[in-house]
Amino acid sequence: MAQDALQQKKTLRQSFLAARNQLGDRSERSVRIQARISNWLPQQSAATLLCYVNARCEVDTRSLLHQLLADERRVVVPYCLDDNHLGLFLLSNMSELATGRFGILEPRHQLRDSKRISPVEIDLAILPGVAFDLHGNRLGYGKGYFDRLLSEMRPQAVTCALAFECQLTAQIPTEPHDLPIDYLVTEDRLIRSAAAN
Ligand SMILES: Nc1nc2c(c(=O)[nH]1)N(C=O)[C@@H](CNc1ccc(C(=O)N[C@@H](CCC(=O)O)C(=O)O)cc1)CN2
Ligand SMILES: Nc1ncnc2c1ncn2[C@@H]1O[C@H](COP(=O)(O)OP(=O)(O)OP(=O)(O)O)[C@@H](O)[C@H]1O
């Protein structure tokens, strides 16, 4: 069964990555997604927010990050560590980022130690993904980075993923380590999953 889920995830990952790569109007769609999450965020009392820095064909988060940095909130971005874990960095300015592993913008190495954040400090996490279902199940690039992070965060922390409509599917196969996300924001809607409190 576990082997089945793994194989199904691999097949789904390939087809949804291809669909996302081929999607047109990506920047216009990203603008709509960022506007939708910007309208929703004021309802959330979160003081410390994690937000991914987009790469490849992911939903763009640059203007959202600029907006969060201008707000009173603490902004945290992830970076890859050697053991498939994520480090968390308290971001003050986009200039603290430089191209890191996998071509993703990450905090510059010399800054990391002084502004390290623990997963239990995160109140709300804005996550990327390859494919999602309406139950809040999420499929990533397959290294388990975000699954590990979610297991280290407080259970009350709110999780929200950004995705294009073409990344939604009826059912993502799950394994025991997979934790569902609470909200999904697309260019057309904000979906509250059964996992949300
Ligand atoms: N913008 C963004 N940042 C993020 C993530 C993400 O999904 N998006 N991550 C979410 O996890 C982490 C990075 N995870 C990644 C996992 C795998 C690959 C990747 O390209 N894997 C290749 C193999 C590369 C190699 O091993 O050399 C592959 O699967 O083909 C990239 C990023 C942390 N930061
Ligand atoms: N909480 C965890 N603790 C230990 N190992 C984990 C945990 N979560 C996931 N893993 C490992 O990571 C591998 C990849 O998991 P999975 O296929 O669910 O990743 P993903 O959700 O696609 O990727 P990502 O989280 O990086 O976006 C799994 O085979 C599993 O062994």
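Looking at an unreviewed UniProt entry, one finds the protein named 5-formyltetrahydrofolate cyclo-ligase and attributed to Blastopirellula marina DSM 3645. According to its UniProt record, the protein has this under Cofactor (unreviewed entry): "Mg(2+)".

This paragraph deals with the site of ligand 2. Among the 15 residues in the neighbourhood of ligand 2, the closest are listed as R138, G140, Y145, D147 and H177. For ligand 2, an oxygen atom lies 2.6 Å from a polar atom in the side chain of R138. At 3.0 Å, a backbone N or O of G142 approaches an oxygen atom of ligand 2. Considering ligand 2 on its own, with 650 Å² of exposed area, one finds that the protein chains cover 76% of that surface. Taking a 2 Å distance to the grid points as the criterion, the majority of the atoms of ligand 2 fall inside the largest pocket. Residue assignment for the shell around ligand 2 shows that the elements contributing at least two residues are α1 (2-22) and α4 (145-152). Of the residues forming the shell around ligand 2, the biggest block, five residues, is contributed by α4. For the shell around ligand 2, the per-class residue count stands at three nonpolar, five polar and seven charged.

Quick look at the pairing of strand β3 (residues 86-91) now. Among the six residues that make up β3, five are buried, leaving the element largely enclosed by the rest of the structure. Between strand β2 (residues 74-80) and the antiparallel strand that follows it, β3, lie five residues; N84 among them carries a positive phi value of about 65°.

When the UniProt feature table is mapped to this numbering, "binding site: substrate" (unreviewed entry) covers V53 and E58. Taking the annotated residues in turn, V53 and E58 line the largest pocket. By the element assignment, V53 lies in the loop between β1 (48-51) and α3 (62-70). Relative accessible area serves as the criterion here: at 4%, V53 is assigned to the buried category. When near neighbours in sequence (up to four residues on either side) are disregarded, V53 contacts E58, T61, R62, L65, V77, L97, I104 and L105. Mapped onto the elements, E58 comes out in the loop between β1 and α3. Take E58: its relative accessible area is 9%, and that puts it in the buried class.

Our next topic: the UniProt feature "binding site: ATP" (unreviewed entry) in the protein. Per the UniProt record, "binding site: ATP" (unreviewed entry) is found at K9, K10, T11, L12 and R13. Of the annotated residues named above, the ones that line the largest pocket are K9, K10 and R13. Along the polypeptide, L12 turns up in helix α1. Those residues in contact with L12 that lie beyond four places of it in its chain are L139, Q171, I172 and P173. Within the secondary structure layout, R13 lies in helix α1. Relative accessible area serves as the criterion here: at 16%, R13 is assigned to the buried category. Among residues more than four places away in sequence, those in contact with R13 are V130, L139, G140, Y141 and G142.

Okay, the packing of helix α2 (residues 26-40) against α3 next. It is the contact of α2 with α3, at a shortest axis distance of 9 Å, that shows an interaxial angle of 25°. With respect to their mutual orientation, α2 and α3 come out roughly parallel. Considering only the axes of α2 and α3, their crossing is right-handed. Two secondary-structure elements touch here, α2 through Q34, I37 and S38 and α3 through R62, S63, L64 and Q67. A breakdown of the residues in the contact of α2 with α3 according to their chemical character gives two nonpolar, four polar and one charged.

Parameters at a glance
- Residues numbered from 1 in each chain as written.
- Chains lettered and ligands numbered in written order.
- Predicted model: local features only at pLDDT ≥ 70, side-chain atom pairs only at ≥ 80, totals over all residues.
- Heavy atoms only, no water.
- UniProt positions renumbered as here; feature names shortened; annotations may be inferred.
- Near = heavy atom within 4 Å.
- Polar contact = N/O pair within 3.5 Å; in protein donor to acceptor, adjacent residues only side chain to side chain.
- Areas by Shrake-Rupley, 256 points an atom, 1.4 Å probe, with all protein chains shown as cover.
- 1 Å grid on protein atoms, 1.4 Å probe; cavity = no way out; pocket = protein on both sides within 12 Å on 5 of 7 lines; lining within 4 Å.
- Sits in = over half its atoms within 2 Å of the grid points.
- Helix = DSSP H or I, 4+ residues; strand = E, 2+ residues; numbered from the N terminus.
- Nonpolar A, V, L, I, M, F, W, Y, C, P; charged D, E, K, R; others polar.
- Buried < 20%, exposed > 50% of the residue type's maximum accessible area, 1.4 Å probe, protein only.
- Pairing = 2+ DSSP bridges.
- Contact = heavy atoms within 4.5 Å.
- Axes fitted to C-alpha atoms, helices over the stretch in contact; angles between N-to-C directions.
- Parallel < 35°, antiparallel > 145°, perpendicular 65-115°, else oblique.
- Left-handed = near helix turned anticlockwise from the far one by under 90°.

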